[in-house]
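Overview (structure and organization)
The chain contents come next:
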Amino acid sequence: MEQWLAEYAVETPKGPKKVTQTFFLPTVEDVRAAVQKEGGFVLTIRPHKRSPIERLMARSSWWQVQLLRGIQFRAQSTSPGVAFWRLIQAETNPRIQNILAPAREALSRGLSVIDALKALRIFDHSTLAILAASERSNRLHEGIPHAIQNITNKRKNASKIGATMAWIAFDIVSITQALVWGRGLVLRWFRSNAPSDPQALAEFNQTVENLEILWNALIASATVMGAFLVWCLFSYWINRGKKDWPTAKVVRRIPLIGAYLRDLGFADSAAAASRMLRGLVPIADTLDQASEATNVPEVGRFWTESYKDLSRGVPLGAALDRAPLNKNERMELA
């Protein structure tokens, strides 16, 4: 499914009229068919691209919380799908209308409120898993507070991770600057204090040349590390919401960092599972949705395999007794 922006002409009593409308459909042919059903003649069809301001607004945790609270408030007197539809119809801000366009299209075609929220591509996997599990139990209005709490906790964790990454970036920039600025001073001092003996001078020059090569290699390494850090931050930001992508695979192979990301993904999915259980979601649905609450494949396989074992009649403690849990964690669950 993809969001498309179509321009088409329709006949009116006053003559042809140009209409611009967004569609949330799989292919261009589907958009063309939808326009023809409305009696229009297609002029242009192109994939819709959000502006930078819309991307920042959509990925703001504050705006996500406000959206969920709006659905929860309206869902007290009607179904969540109707509540979400009324919320979209009541919106007057053009930018927010553009962000909510995929959800409007999804709801207008009879999809569920969870499908509409997924179509927005703004919520993380753990939040969507909590909402989907709550909807399965017909308790979406009760699951929304847990989803809001999850977003708030993720925001706090993201602030801590951001501070850590900023400190690492500061260290890399400081080291690179020291290497660049000190290179000329140190090498110039060595060359200005060269020995006068010809044999010693040849050995001295060779040593200085080796030092210069090593210094250049250190500067290049620090620059590559800084560029890689910037690329990773940009890649994680631009690919937010995806299950897996090449940069994430590379980062997970880095010692210590890969293990930290795995533990962080497991903590997020386990926290989502605990909130589902507090929301009275059945244990089988909890295990199934917990696999969708993380973008780390290893953690996702843990919940998926546990769900399969539980479905075959294996006791819950035995179903959860598997890697990547260590011995103490397995004993705690048992």
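This text follows the structure it describes.
The shown structure was predicted, so the numbers you read here are calculated from the model rather than taken from an experiment.

1. Re the overall build of the protein
The helix and strand inventory of the protein stands at 16 helices and three strands. Taking 2.2 N^0.38 as the reference for a compact globule, 334 residues should give roughly 20 Å; the C-alpha atoms of the protein span a radius of gyration of 28 Å, well beyond that estimate. Overall, the protein is about 100 × 65 × 30 Å in size when its C-alpha atoms are taken along their principal axes. The buried share of the protein, reckoned over its 334 residues, is 37%. In the protein, 55% of the contacts between residues at least 6 apart in sequence involve partners at least 24 apart. A total of about 19,300 Å² of accessible surface is found on the protein, and carbon and sulfur atoms cover 60% of it.

2. Description of helix α8 (residues 125-136)
Counted at 1.5 Å a residue, the expected span for α8 with its twelve residues is 16 Å, and the 16 Å between its end C-alpha atoms agrees. When you tally the buried positions in α8, you get ten out of twelve residues, the bulk of the element. Tucked inside the fold, the buried residues of α8 contact α3 (61-74), α7 (113-120), α9 (140-192), α12 (257-278) and α13 (283-290). Of the residues trailing α8, Asn138 is marked for its positive phi of about 60°.

3. Section: the packing of aromatic side chains
By the definition in use, this model includes seven aromatic pairs. Put simply, the rings of Trp189, Phe190 and Phe204 touch in pairs and so form one group of aromatic residues.

4. Here we look at the packing of α3 against α9
It is at 10 Å that the axes of α3 and α9 come closest, and there the two elements cross at 170°. Comparing the axis directions of α3 and α9 gives the class roughly antiparallel. Residues Ser61, Trp62, Gln64, Val65, Leu68, Arg69, Ile71 and Gln72 of α3 pack against His141, Ile144, Pro145, Ala147, Ile148, Ile151 and Arg155 of α9. Here the contact of α3 with α9 is composed, by residue class, of nine nonpolar, four polar and two charged.

5. Comments concerning the side chain of Thr127
With respect to the secondary-structure elements, Thr127 resides in helix α8. By relative accessible area, Thr127 is classed as buried at 0%. Sequence-distant contacts of Thr127, that is, excluding residues within four places in its chain, are made with Ala147, Asn150 and Ile151.

6. Here's the deal with the pattern of salt bridges
On inspection of all chains with the given rule, the structure shows seven salt bridges. Two residues, Arg183 and Glu212, come together in a salt bridge whose shortest N-O distance is 2.9 Å. Taken together, the residues span a long stretch of sequence, with Arg183 in helix α9 and Glu212 in helix α10 (residues 198-238) at a distance of 29 residues. As a salt-bridge pair, Asp263 and Arg262 come within 3.3 Å of each other at their nearest N and O atoms. Look at Asp263 and you get partly exposed, because its relative accessible area is 44%. On the basis of relative accessible area, Arg262 is assigned to the partly exposed category, the value being 25%. Sharing partners across several salt bridges, the network here consists of Arg183, Arg191 and Glu212.

How each quantity is defined
Residues numbered from 1 in each chain as written. Predicted model: local features only at pLDDT ≥ 70, side-chain atom pairs only at ≥ 80, totals over all residues. Heavy atoms only, no water. Helix = DSSP H or I, 4+ residues; strand = E, 2+ residues; numbered from the N terminus. Rg over C-alpha atoms; globule rule 2.2 N^0.38 Å. Buried < 20%, exposed > 50% of the residue type's maximum accessible area, 1.4 Å probe, protein only. Contact = heavy atoms within 4.5 Å. Areas by Shrake-Rupley, 256 points an atom, 1.4 Å probe, with all protein chains shown as cover. Expected span 1.5 Å × (residues − 1). Phe/Tyr/Trp six-rings, centres within 6.5 Å; stacked < 30°, edge-to-face > 60°. Axes fitted to C-alpha atoms, helices over the stretch in contact; angles between N-to-C directions. Parallel < 35°, antiparallel > 145°, perpendicular 65-115°, else oblique. Nonpolar A, V, L, I, M, F, W, Y, C, P; charged D, E, K, R; others polar. Salt bridge = Lys/Arg side-chain N within 4 Å of Asp/Glu carboxyl O.

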